[in-house]
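# Remarks on the overall topology
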Amino acid sequence: MCPPTHFDVSYAINPWMDVAVRVDRDLAQRQWETLAATLRQAGATVEVLDPQPDLPDLVFTANLGIVDGATFIPARMRHRERRPEAAHAERWFAARGHAIRRLGEGVVQEGAGDALAFGDTLVAGHRMRSQAAAYVELGRLLDAPMLLVELNDPRFYHVDIVFCPLDGRSAMFAPGAMHADSARMIAELVPDAIALTGDEAAAFCANAVAIGRTVVMAACTPRLERELRARGFEPVVVDVSEFLKAGGGPRCLTLALDVRLGRHDPANLADRYGAHNYHPLPVTVIDAQGSWVRDDRGRRYLDALSAYSALNFGHRHPKLVAAASEQLGRVTLTSRAFSNDQFGPFARDLAALCAKDRVLPMNTGAEAVETAIKAARRWGYEVRGVSPGKAMILVCDGNFHGRTTTIVSFSDDPLAREGFGPFTPGFRRVPFGDAAALERALCDEEDVVALLIEPVQGEAGVIIPPDGYLRAVRRLCSQHGVLLIADEIQSGLGRTGRTFACDHEDVVPDVYVLGKALGGGIVALSAVVADDDVLGVFGPGSHGSTFGGNPLACAVGRAVLDLLATGEPQANAAWIGARLRAGLDAAAPPAVSEIRSRGLWFGVDLAPGRGGARAACERLLRRGVLAKDTHERTIRLAPPLTISTEEADWLLQRVVGALGAAEPLRLAAAAEPPPHPASSAA
């Protein structure tokens, strides 16, 4: 954006401009500042271009050129009064590292004012200002498909006055302001198009800026507001009356810097070429440090998911990065066909942390669970004396241990199971948190070899068992001679304020299953940890993994264990977790029906009629927070264990705001995010 320091109507190049109409420059400045503040509040980062005294229309930055990632294509203006603007913009972009690619001298194309991306297509206006021929060359420079829109009304001289992309499915457009064939093609391109009336087009309703689900507009009729809200958008009207004197609205006053056209946009590429087994929130992360990430639009977010606890120590923890970097310079992989100098020390240190004899390394959590299942079955046959092929493993309702075929066989989640049968036998579910039900199952099934359990059920919504349940589980497993296997992949390594979630009841399982945070958010590393009588059932060739126990992963794992040995991550999780819980309880957001927490792990249930958890996570996204929904009504929060008090207070303010707390919390938190660690003097 460019401040309106020198804005004026000193010439007329469109039907809205009248040199006899006086511009109130002080009012224009206030309107511009309000627009910039509104965009920031919606989640945008606003960069400022210096105004120039001889360029009164420089304030309309949309026309300066086209941004495609790190490439800038300066505009070729039709009117001589505006031609110097592109050179000024070119210098600004070049100074910030953008590659400059230029259109030929003989064409006219007026930047993003006449070229708006919808998905992988550039919707391109021509006839009034830009030439159709320009898009042949522009298509070559951008390697993007074009949809040419022929404008037929001089009042609507740029495409951004008659077309506004909202998201990947929706857009506003004014069919009466363009050729009938162009209107038909836009209707075919946009799955959910909102057609504007002539009056709405004349009020510059389409000259709007969509930031997430917020649509910043010059005007919005009641009918259009209903249409937008029905699609989950929040229209916000700002007064830009001084700029309308020159024929410009919010979109004209902004040039989007986050555009990655079609084939170059990572999100579009992922959607086009990746299997659709995830439904990610609309954010593309490009770098991160500590508790914070930055997306490809330059916006910062506090990561309150931590990759499902894989990032317990934050992004790129310096000690973990140093360990990885050092090992990368030596050796990364040998396979277990040979020894390496990192596996032995790693196994020793992890065994000591768990107070067990042996470690069997794998890569992912699901692999570790599969390994534990195999160990329990062979233990049952060789140690307990169960008849071959009869070993039974008990699991809990609501469990989540992974998504391999064997694991989904004992899941009760339809999304995990449907279409993946036939299922693996040898499992029986019992209610989670019900010791009496477990005892009945142990009495009913004579061939039970193990109980596989999450001490806290994460995917189910951070479900915490009743006090004393884990102690009862330990007693019953010992009494009946079966293994207690604790899946601490998410709950372990400090997440709940103790090294293991089992520690809250002083319970020691027979088998620990670990993963996620064990790799420090840098490499995939998991492990099964148990005593000799359990892991001793494996002999050479009975189980293995090419990458399991690789020196790079073990070097990082050793650094993770060094961090845990200090006790600081666990203590910080307990302290900050209690602070966040107290703040949430005090705020009592009306949208919340229940909060469950242990350490820095929260399940926040939404009350009926308060919307879904996905929509709430999208609201948090707009407020600069990354969180994840589960089972439609639960929001999961799990920030890094290294989060500071200041960051936690900032997070709390955003969460209670997104959940509709009656009054803002009075905390000593800054109104803006704390400084990025990379720029902090500390």
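Residues numbered from 1 in each chain as written. Predicted model: local features only at pLDDT ≥ 70, side-chain atom pairs only at ≥ 80, totals over all residues. Heavy atoms only, no water.

### Digging into the side chain of Thr634
Considering the arrangement of structural elements, one finds Thr634 in strand S27 (residues 634-637). Within the structure, Thr634 has its side chain in polar contact with the side chain of Asp605 (distance 2.6 Å). Sequence-distant contacts of Thr634, that is, excluding residues within four places in its chain, are made with Gly461, Arg596, Gly603, Val604, Asp605, Ala613, Lys628 and Asp629. (Helix = DSSP H or I, 4+ residues; strand = E, 2+ residues; numbered from the N terminus. Polar contact = N/O pair within 3.5 Å; in protein donor to acceptor, adjacent residues only side chain to side chain. Contact = heavy atoms within 4.5 Å.)

### Details of the sheet that holds strand S14 (residues 292-295)
Reading across from one edge, S13-S14-S15-S25 is the order of the 4 strands in this open sheet, with mixed pairing throughout. Each edge of the open sheet carries a strand with a single partner, namely strand S13 (285-289) and strand S25 (625-626). Summarising the sheet, S14 and strand S15 (residues 300-303) pair through 3 bridges and their orientation is antiparallel. Bridging across to S15, Val293 finds its partner in Tyr301. (Pairing = 2+ DSSP bridges.)

### Considerations on the packing of aromatic side chains
Tallied over the full model, the rule gives 11 aromatic pairs. Seen from their ring centres, Trp16 and Phe204 are 5.2 Å apart, and the 80° between their planes marks the pair as edge-to-face. One end of the pair, Trp16, is in the segment before helix H1 (25-41); the other, Phe204, is in the loop between helix H5 (198-202) and strand S10 (209-211), with 188 residues separating them in the sequence. Judged by centre distance (5.7 Å) and plane angle (70°), the ring pair of Phe432 and Tyr469 falls under edge-to-face. Taken together, the residues span a long stretch of sequence, with Phe432 in the loop between strand S18 (427-430) and helix H15 (435-444) and Tyr469 in helix H16 (residues 469-480) at a distance of 37 residues. Three or more aromatic residues joined by ring pairs make a cluster, and in this case those are Phe7, Phe60 and Phe243. (Phe/Tyr/Trp six-rings, centres within 6.5 Å; stacked < 30°, edge-to-face > 60°.)

### Quick word on helix H12 (residues 365-384)
If you check H12, its first and last C-alpha atoms are 26 Å apart, about what 20 residues at 1.5 Å a residue would give, namely 28 Å. Those residues of H12 that sit buried are Gly365, Ala366, Ala368, Val369, Thr371, Ala372, Ile373, Ala375, Ala376, Trp379 and Gly380. Just past H12, the residue Gly385 takes up positive phi, approximately 85°. (Expected span 1.5 Å × (residues − 1). Buried < 20%, exposed > 50% of the residue type's maximum accessible area, 1.4 Å probe, protein only.)

### Quick look at the sheet that holds strand S1 (residues 65-68)
With mixed pairing, 3 strands are arranged side by side in an open sheet as S1-S2-S3. In this open sheet, the two edge strands, each paired with only one partner strand, are S1 and strand S3 (99-100). Sheet topology places S1 next to strand S2 (residues 71-74); 4 bridges connect them, and they run antiparallel. Residue pairing for S2: Ile66 is matched across the bridge by Ile73.

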